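Analysis of the macromolecular model
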Amino acid sequence: MEADVLIIGSGAAGLTAALQLAATRKVVVLAKGSISDGATAWAQGGIAAVLEPGDNFANHIEDTMVAGAGLNNRATVEFVVENAPLAIERLAKLGVPFNLEGNDWHLTREGGHSHRRIVHVDDATGWAVQQALETAARAHPNISLVPDLVAIDLILGRHQERFSTSGRIHGVYALNRKTGRVETFTARATVLASGGAGRTYLYSTAPRGATGDGIAMAWRAGCRVSNMEFMQFHPTCLYNLEVKNFLITEAVRGEGGILKNPKTGHRYMPDYDDRAELAPRDIVARANDAEIKRDGLDYVHLDISHKPPEFVKTHFPNIYEKLMGLGIDITREPIPVVPAQHYTCGGVIVDLDGRTDAPGLYAAGEVTQSGLHGANRLASNSLLECFVFGDACARHIEANWDRLPPPPPIRSWDESRVTDSDEEVVIAQCWREIRQFMWNFVGIVRTTKRLERAQHRIDLLRSEVEDYYRHFRVTPDLIELRNLVEVAALIIRSALARHESRGLHFTLDYPEMADSAVDTILLP
Ligand code: FAD
Ligand code: SIN
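Let me begin by describing the structure that accompanies this report.

Scoring rules and cut-offs
- Residues numbered from 1 in each chain as written.
- Chains lettered and ligands numbered in written order.
- Predicted model: local features only at pLDDT ≥ 70, side-chain atom pairs only at ≥ 80, totals over all residues.
- Heavy atoms only, no water.
- Helix = DSSP H or I, 4+ residues; strand = E, 2+ residues; numbered from the N terminus.
- Axes fitted to C-alpha atoms, helices over the stretch in contact; angles between N-to-C directions.
- Left-handed = near helix turned anticlockwise from the far one by under 90°.
- Contact = heavy atoms within 4.5 Å.
- Nonpolar A, V, L, I, M, F, W, Y, C, P; charged D, E, K, R; others polar.
- Near = heavy atom within 4 Å.
- Polar contact = N/O pair within 3.5 Å; in protein donor to acceptor, adjacent residues only side chain to side chain.
- Areas by Shrake-Rupley, 256 points an atom, 1.4 Å probe, with all protein chains shown as cover.
- Buried < 20%, exposed > 50% of the residue type's maximum accessible area, 1.4 Å probe, protein only.
- Salt bridge = Lys/Arg side-chain N within 4 Å of Asp/Glu carboxyl O.
- Core = buried A, V, L, I, M, F, W, Y, C linked by side-chain atoms within 4.5 Å.
- Pairing = 2+ DSSP bridges.
- Phe/Tyr/Trp six-rings, centres within 6.5 Å; stacked < 30°, edge-to-face > 60°.
- Right-handed = clockwise from strand over helix to strand, strands pointing away.
- Disulfide = S-S within 2.5 Å.

1. So, unusual backbone geometry
- Of note in the backbone geometry, Asp122 takes a positive phi value of approximately 45° without being a glycine.
- By the secondary structure assignment, Asp122 is in the loop between strand E7 (118-119) and helix H4 (125-139).

As structure tokens, this is what we get:
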């Protein structure tokens, strides 16, 4: 199938790019499951933008840089922050029903923000945004949304019918889940908008498909990847034996929720940081982890029951309902919570136009390292990044259309030397092993010894998975496992390379922050 522009991913980044491009170009958007399956639909808190009287861009820029522990690229931070109000206006025009207070936005507050700055739709902002973007995309005659296609690898010169050593990207090979066949998708420009890699970890708030496919594909295609050691752990994921990855939004703390040690009832955050529950996420997650480990707890308590019940119910209707269903009345009792992996700060390096190192390949959203987040993402800056960079990619593609060559004839996927897998158990076993040791050895608090243990294990698994991949027909699970191994290896390598503690990377062997802030850049 040939499109003008191919977009891999149907979340906030991919659909923003698609809607912008569709004015002039035919766009095909692939999703590996259903169109709404990405992290976007799961976002709770909201989107950060300077909209409150008394707030200004300088404050938002400063808060982002402070959370990012100085590793952010100031030009990127300025670019995103200054484009935020426009992005919100565009979403409102698309019909996102943001909460209002009279004629003004209702703004909530989250950790690390010096002002009320978060526009939201109750406590289910992502769902409303995803629905609005999807509705507009479905209605557009120039956009084809194609679910159930799992991208395997980017198409380069070596895949052309007339072999070439060119590193230009011409599209992607993708497995059709319904037919089991690998299809060829080509385009003049390809945009990676495939989200993060949260499922490298045992406990994660991210959806099942967050296996870092885009990062691994771009890496294999020769693009640099950066800052993979900065995995963000959200401090407050629900602790429940049945529901494993339900987030309790940071806005609960923003609206007065406090963290307590369930054994002593002590409110401990002021002991760790002057900003208490509203300190940046890395600090709160480490504090929760420390309390849990020191006292041998299963969880800590997040308590908002001191607020009037009507206030709690109207601010957090979805969380209230969900937890009532599990037997927890949050207007009367505390919520058991634990930290869990939440966001991938590192990724494929892009410039302000969303260009990667490979000609013809753009990227936007959680798959990238744009310089916005530095060593720790400020809450609610990530959806914003998707809107700003999705738009930036589209504008650059449009402005440079005549310089993008049409795709050459491409060879079909070759399955002549593989057979059907006879040992699916290998995939399930490797998958479990990776997520388990990444959690235990490459988690919130690290040591060089633990990272080296993880390194040994990933080297072994990598050769096993590569061997398996060479011999057997691809399945969605095998494609994801191959990417998971690649991304886990990149995280471990980056963590071992950083000899300091900064933002989300905290190691007992190098507890101090170095004088200068330097990105970890891995060259393929
Ligand atoms: P996603 O929305 O994750 O979309 C990825 C897309 O790529 C999907 O369509 C998927 O099918 C597709 N894809 C992936 N791999 C392949 C493949 N191999 N082939 C084909 N398609 C593929 N951020 C905020 O700013 N505010 C919040 O309040 C907030 N709350 C959050 C709550 C939760 C529970 C989580 C998990 C995250 C939250 N975040 C929040 C982070 C934010 O939601 C994500 O960073 C953002 O939605 C990422 O959007 P994206 O477009 O980059 O990717
Ligand atoms: C949340 O609602 O706590 C998540 C916000 C974010 O990840 O930015």
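2. A word on the packing of helix H1 (residues 12-21) against H4
- Between H1 and H4, the least distance of the axes is 10 Å, while the angle of their chain directions is 35°. The two elements H1 and H4 cross, and the hand of that crossing is left-handed. Across the interface between the two elements, Ala12, Leu15, Thr16 and Leu19 of H1 pack against Gln130, Leu133, Glu134, Ala136 and Ala137 of H4.
- Taken together, the residues of the contact of H1 with H4 break down into 6 nonpolar, 2 polar and 1 charged.

3. Structural notes on the site of ligand 1
- Lining the immediate environment of ligand 1, one finds 37 residues, of which Thr40, Gly46, Asp213, Glu366 and Ser382 sit closest.
- One of the side-chain N or O atoms of Asp213 is found 2.7 Å from a nitrogen atom in ligand 1.
- Among the elements of the structure, H1, strand E9 (149-155), strand E17 (335-344) and helix H11 (382-399) are those that each provide at least two residues to the shell around ligand 1.
- Residues that form the shell around ligand 1 fall into these classes: 17 nonpolar, 16 polar and 4 charged.

4. Concerning the site of ligand 2
- The environment of ligand 2 is made up of Gln44, Gly45, Glu110, His234, Leu247, Thr249, Glu250, Arg281, His342, Arg377, Ala379 and Ser380.
- Between ligand 2 and Glu250 there is a distance of 2.6 Å, counted from an oxygen atom to a backbone nitrogen or oxygen.
- One of the backbone nitrogen or oxygen atoms of Ser380 is found 2.6 Å away from an oxygen atom of ligand 2.
- Here ligand 2, which alone exposes 260 Å², has 93% of that area covered by the protein.

5. A word on helix H5 (residues 213-220)
- With 7 of its 8 residues buried, H5 lies for the most part within the structure.
- Inspection of H5 places Asp213, Gly214, Ile215, Ala216, Met217, Ala218 and Trp219 among the buried residues, and these make up the whole buried set.

6. Remarks on the pattern of salt bridges
- Counted under the stated rule, the structure contains 38 salt bridges.
- Arg294 is paired through a salt bridge with Glu291; the nearest N and O atoms lie 3.1 Å apart. Remark: Glu291 and Arg294 occur in helix H8 (residues 281-295); sequence separation between them is 3 residues, near one turn of the helix.
- Take Arg294: its relative accessible area is 54%, and that puts it in the exposed class.
- Residue classification places Glu291 among the buried residues on the basis of a relative accessible area of 3%.
- A single network of salt bridges, built from pairs that share partners, joins Lys32, Arg208, Asp213, Asp477 and Glu480.

7. What to know about the nonpolar core
- Of all hydrophobic cores here, the largest spans 128 residues; its most connected members are Ile7 and Ile47.
- Per-element accounting of this core gives the leading share, 12 residues, to helix H14 (residues 476-497).
- Look past the residues within four positions of Ile7 in its chain and what remains in contact with it is Gly14, Ala17, Ala18, Leu21, Val27, Val28, Val29, Leu30, Val191 and Ala193.
- Within the second largest apolar cluster, 28 residues are counted, among which are Ile319, Tyr320, Ile330 and Ile335.

8. Some points on the sheet that holds strand E3 (residues 47-48)
- The strand order across the open sheet formed by 3 strands is E3-E7-E6, and the pairing between neighbours is antiparallel. Pairing within the sheet leaves two strands with one partner each, and these edge strands are E3 and strand E6 (107-108).
- As paired elements, E3 and E7 share 2 bridges and run antiparallel to each other. Note that in E7 the partner of Ile47 across the bridge is Val119.

9. Some thoughts on the side chain of Arg446
- Counting through the fold element by element, Arg446 comes out in the loop between helix H12 (424-441) and helix H13 (448-471).
- A distance of 2.9 Å separates the side chain of Arg446 from the backbone oxygen of Gly443, its partner in a polar contact.
- Filtering out sequence-adjacent residues up to four positions away, Arg446 remains in contact with Tyr201, Glu229, Met231, Leu451, Ala495, His505, Phe506, Thr507 and Leu508.

10. A look at the environment of Trp401
- As for its placement among the helices and strands, Trp401 is situated in the loop between H11 and H12.
- Overall, the relative accessible area of 8% leaves Trp401 in the buried class.
- Spatially, the C-alpha atom of Trp401 lies 50 Å from that of Ala276, the residues being 125 residues apart in sequence.
- Ignoring any residue separated from it by four or fewer positions in sequence, one finds Trp401 in contact with Asp4, Val5, Arg25 and Arg188.

11. As for the packing of aromatic side chains
- Evaluated as defined, the whole model comprises 9 aromatic pairs.
- Where Phe79 meets Phe389, the ring centres are 5.6 Å apart and the plane angle is 80°; that geometry is what we call edge-to-face. Placement of the pair is Phe79 in helix H3 (residues 74-94) and Phe389 in helix H11, with a sequence separation of 310 residues.
- Exposure remark for Phe79: the relative accessible area of 23% places this residue in the partly exposed category.
- Considering the side-chain rings of Tyr468 and Phe472, the 4.6 Å spacing of their centres and the 50° angle between planes classify their relative orientation as tilted.

12. Focus: the pairing of strand E1 (residues 5-8)
- Here E1 shows a buried face lined by Val5 and Ile7 and a second buried face lined by Leu6 and Ile8.
- Bridge count between E1 and strand E2 (residues 27-30): 4 bridges; the pairing is parallel. Each residue of the ladder has a partner; that of Val5, found in E2, is Val27.
- Traced from E1 through H1 to E2, the parallel crossover comes out right-handed.
- Across 4 bridges, E1 lies against strand E12 (residues 189-192) in parallel orientation. Looking across to E12, one finds that Leu6 is bridged to Thr190.

13. So, the state of the cysteines
- With the rule as written, the count across this model stands at 0 disulfides.
- Counting only cysteine sulfurs, Cys393 is the nearest neighbor of Cys223, a cysteine outside any disulfide, at a range of 13 Å.
- Left without a disulfide partner, Cys345 is nearest to the cysteine sulfur of Cys386, which lies 13 Å away.
- Of the residues examined, Cys345 reaches a relative accessible area of 3% and is grouped as buried.

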